[in-house]
Amino acid sequence: MSFLSRKTTKALSRSRPSTARTLATSAESAQPSSANIRVGVVLKRDPLTLKEQSPFTRAYYAHRDAQIAKTARPFPADFYFKRGTIAESKYNAAVEELGAKKEGEWVHPFSVLEKVGLQKEELSGLKKRSEVVAENADDVKSLDRSWSEDLFLVVKGPRGWQFIESAVGPEELLHEAASRCVQETCGPLQNWVVGRAPVGHLKATKGSETFHNPADYFAKVFFMRSHLLAGQVALKGYSDYAWLTREQLSSYLEKDNKAIAIEMI
Amino acid sequence: MLTARRIRVPARSCLLAGQKAAVRFDSSARPTKGGGMIGDRRIQQMQEFLYTPIQPTTPPQENDPAVQQQHDETEIIERMWALEKLEEARSDMEALKRKYRAMRFAMLELEKLDERLFAGAISGGLADDGDTSYVTFPRNLRIPTETPPLSGFNPPADSS
């Protein structure tokens, strides 16, 4: 791929998966059974609002608008507001209140509309919403918080805080197993598993502290990405759950779980 | 570069010919007491808006130090903005590379471990079994907006 460095591309190309695969006989391929392959799901609630702009970005856009406004035509009020109508008198009153009767001053029509009160209901609804969001800021189980960030589902399992996972059935593919895993663990949750390829993997290495159960020592977990569409978690099979932002994940997850999370999300 | 000039729209008298032409083709035109004709002024306004060029009222001031300073300030601001955008693009690309690397290594490992699962994972595009539910985005996958939904993340129970 073009956006990998030359070194990485060379390293990967040495073990490039062949695209033209012939059927391998059982004698030729000595592959371990898929009983030890597990599927994990990185279930994510997408951000609902755009990221907050930095002070510099806000200042730059204000500067650019001012530059454009300096050379723009004045707002043709007499085109939009017919002479002698109530709308025209309201507009003139709003402009005067904003103190923009000075020569060369340009007033954005939207600021005038706000003054006239056409968006009052929407603005008060938004205020209430932001109060609710502020209340939920510390509640890690709530989905009604951190509007501009991703929220990832983690559960308290045998490996500490981890992503949800389950075994892969003998006839199942990874994306099918991922769907089933979400339904079994989180209850009737509307979600969408992205594609068929895993986004990361975790395997137990000798002396790894991540896998406590001896039966899991040779297990490999392949993670699928999934978007939460609607619903809330009704947890089964784990003791606790949390919806965490990217920053919070690094304080909750440990060791291998943390390492792979940083790489793949 | 932009300078502090006031904009002047040419006087109406310059557009008298155009005004007359507009009135001639306007069906709501009617005569006035003074002998002229009036019609829908909005046609005339639209013509002014569309066809008159914006002309500065002051001559260009090349040797004015205040103007030069303004030029310099604007240039510095633009360069800082370009730098900010460059950093943003770099960090986006780094994140993309990191995720791709994780995905690539997962696929390499899967190929070694299980042929069936690997074959299922690489069958992208239109699948043999006719299942394309994973290819198209679901309709209720919401994109971020400037303001949040008034009902919050979980919509009210009675909405479908």
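Residues numbered from 1 in each chain as written. Chains lettered and ligands numbered in written order. Predicted model: local features only at pLDDT ≥ 70, side-chain atom pairs only at ≥ 80, totals over all residues. Heavy atoms only, no water.

Asker: An account of the overall build of chain B is requested, with residue identities and associated values reported.
Answerer: Per the secondary structure count, chain B includes four helices and four strands. In chain B, the succession of helices and strands from N to C terminus is β-α-β-β-α-β-α-α. In chain B, 47% of the contacts between residues at least 6 apart in sequence involve partners at least 24 apart. Of the roughly 11600 Å² that chain B leaves accessible, carbon and sulfur atoms contribute 58%. (Helix = DSSP H or I, 4+ residues; strand = E, 2+ residues; numbered from the N terminus. Contact = heavy atoms within 4.5 Å. Areas by Shrake-Rupley, 256 points an atom, 1.4 Å probe, with all protein chains shown as cover.)

Asker: Mind laying out the packing of aromatic side chains, listing which residues take part and the relevant values?
Answerer: The tally for this structure, following the rule as stated, stands at nine aromatic pairs over all chains. Ring centres 5.2 Å apart and planes at 70 degrees place the aromatic pair Trp161(A) and Tyr252(A) in the edge-to-face group. Of this pair, Trp161(A) sits in strand β3 (residues 160-162) while Tyr252(A) sits in helix α8 (residues 246-252); the two residues are 91 residues apart in sequence, bridging distant segments of the chain. Judged by relative accessible area, which is 16%, Trp161(A) ranks as buried. Ring-pair connections join several aromatic residues into one group, and the members of that group are Phe56(A), Tyr60(A), Tyr61(A) and Trp81(B). (Phe/Tyr/Trp six-rings, centres within 6.5 Å; stacked < 30°, edge-to-face > 60°. Buried < 20%, exposed > 50% of the residue type's maximum accessible area, 1.4 Å probe, protein only.)

Asker: Lay out the interface of chain B and chain A in plain terms, naming residues and giving numbers.
Answerer: A common measure of how large an interface is: the accessible area buried when the components associate. Between chain B and chain A, the contact holds 71 residues from the first and 76 residues from the second. On the chain B side of the interface with chain A, the three residues burying the most area are Trp81(B), Leu113(B) and Phe153(B), jointly 11% of the side's total. Taken together, the connections running from chain B to chain A amount to zero salt bridges. Across the chain B-chain A interface, the total number found is 13 residue pairs in polar contact (both at pLDDT 80 or more). Broken down by secondary-structure element, the contributors of at least two residues to the side of chain B that touches chain A are α2 (41-51), α3 (65-113) and α4 (115-122) of chain B. Ranked by residues supplied to the side of chain B that touches chain A, first place goes to α3(B) with 26 residues. Considering only residue class, the side of chain B that touches chain A consists of 34 nonpolar, 14 polar and 23 charged. (Buried area = accessible area lost by both parts, 1.4 Å probe. Salt bridge = Lys/Arg side-chain N within 4 Å of Asp/Glu carboxyl O. Polar contact = N/O pair within 3.5 Å; in protein donor to acceptor, adjacent residues only side chain to side chain. Nonpolar A, V, L, I, M, F, W, Y, C, P; charged D, E, K, R; others polar.)

Asker: Can you lay out the nonpolar core for me, pointing to particular residues and giving the numbers?
Answerer: Generally speaking, a soluble globular protein has its nonpolar side chains buried in company with each other. Counting 38 residues, the largest nonpolar core has Leu43(A), Leu153(A), Ile164(A), Leu174(A) and Trp243(A) as its most contacted members. At the level of secondary structure, the elements contributing two or more residues to this core comprise β1 (37-45), β2 (151-157), α7 (174-186), β7 (220-230) and β8 (241-244) of chain A together with α3 and α4 of chain B. Looking at this core element by element, the count peaks at six residues for α7(A). Excluding anything up to four places from it in sequence, Leu153(A) contacts Leu43(A), Phe163(A), Ile164(A), Cys186(A), Val233(A), Tyr241(A), Ala242(A) and Trp243(A). Formed by 19 residues, the second largest nonpolar core is a distinct cluster that contains Leu202(A), Ala242(A), Leu253(A) and Ala102(B). (Core = buried A, V, L, I, M, F, W, Y, C linked by side-chain atoms within 4.5 Å.)

Asker: So what's going on with the confidence of the model for chain B? Which residues, and what values?
Answerer: For any part of a model where pLDDT is low, the fine detail of the predicted coordinates should not be relied upon. Residues and elements named next belong to chain B. On average, residues of chain B carry a pLDDT of 76, and 64% of them reach 70 or more. At the low end of the mean pLDDT range in chain B sits strand β1 (residues 7-8), at 54; at the high end sits α3, at 94. Under the prediction, the complex receives an ipTM of 0.71, its pTM being 0.70. (pLDDT = per-residue confidence, 0-100.)

Asker: Mind laying out the packing of helix α2 (residues 55-71) of chain A against α3(B), listing which residues take part and the relevant values?
Answerer: Where α2(A) meets α3(B), the axes come as close as 11 Å, and the angle between the chain directions of the two elements is 135 degrees. Considering the angle they form, α2(A) stands oblique to α3(B). Judged by the twist between their axes, the crossing of α2(A) over α3(B) is left-handed. In this structure, α2(A) uses Phe56(A), Thr57(A), Tyr60(A), Tyr61(A), His63(A), Gln67(A) and Lys70(A) to contact α3(B), whose residues at the interface are Gln70(B), Thr74(B), Ile77(B), Glu78(B), Met80(B), Trp81(B) and Glu84(B). Residue composition of the contact of α2(A) with α3(B), by class: six nonpolar, five polar and three charged. (Axes fitted to C-alpha atoms, helices over the stretch in contact; angles between N-to-C directions. Parallel < 35°, antiparallel > 145°, perpendicular 65-115°, else oblique. Left-handed = near helix turned anticlockwise from the far one by under 90°.)

Asker: Outline the packing of α3(B) against α4(B), listing residues and values.
Answerer: Residue and element names in this part refer to chain B. Between α3 and α4, the least distance of the axes is 6 Å, while the angle of their chain directions is 140 degrees. In terms of orientation, α3 and α4 fall into the oblique class. Once α3 is placed against α4, the crossing between them reads as left-handed. Contacts between α3 and α4 involve Met107, Leu110, Glu111 and Leu113 from the former and Glu115, Leu117, Phe118, Ala121 and Ile122 from the latter.

Asker: Quick one: what's the story with α3(B), residue by residue and with numbers?
Answerer: Look at α3(B): 72 Å from first C-alpha to last across 49 residues, which is about the 72 Å you get at 1.5 Å a residue. Two or three places before Ala66(B), at the opening of α3(B), Asp64(B) has a side-chain oxygen 3.2 Å from that residue's backbone nitrogen. (Expected span 1.5 Å × (residues − 1).)

Asker: So what's going on with the side chain of Glu109(B)? Residues and values would help.
Answerer: When you line up the elements, Glu109(B) lands in helix α3. Aside from chain neighbours lying at most four places away, what touches Glu109(B) is His201(A), Lys203(A) and Phe222(A).

Asker: An account of the pattern of salt bridges is requested, with residue identities and associated values reported.
Answerer: All names here are of chain A. The full count for this structure, using the stated rule, is 11 salt bridges over all chains. Linking Lys44 and Asp150 is a salt bridge whose minimum nitrogen-to-oxygen distance equals 3.0 Å. Of the two residues, Lys44 is situated in strand β1 and Asp150 in the loop between α6 (120-135) and β2; the sequence distance between them amounts to 106 residues. Accessibility classification places Lys44 together with Asp150 in one group, the buried group. In this structure, a network of salt bridges that share partners links the residues Lys44, Asp46, Asp150 and Arg246.

Asker: Give me the lowdown on unusual backbone geometry, citing residues and values where you can.
Answerer: Here the phi dihedral of Ser146(A) falls at roughly 50 degrees; this positive angle occurs in a residue that is not glycine. Here Ser146(A) shows up in the loop between α6 and β2.

Asker: Hey, could you go over α4(B) for me, with residue numbers and the actual values?
Answerer: Those residues of α4(B) not exposed but buried are Leu117(B), Phe118(B), Gly120(B) and Ala121(B). The arc that holds the buried residues of α4(B), viewed along the axis, is 160 degrees, so those residues lie on one side. Packing partners of the buried residues in α4(B) comprise β1 and α7 of chain A together with α3 of chain B. The opening residue of α4(B) is Asp114(B), an N-cap whose side-chain oxygen sits 3.0 Å from the backbone nitrogen of Arg116(B). (Arc of directions from axis to C-beta.)

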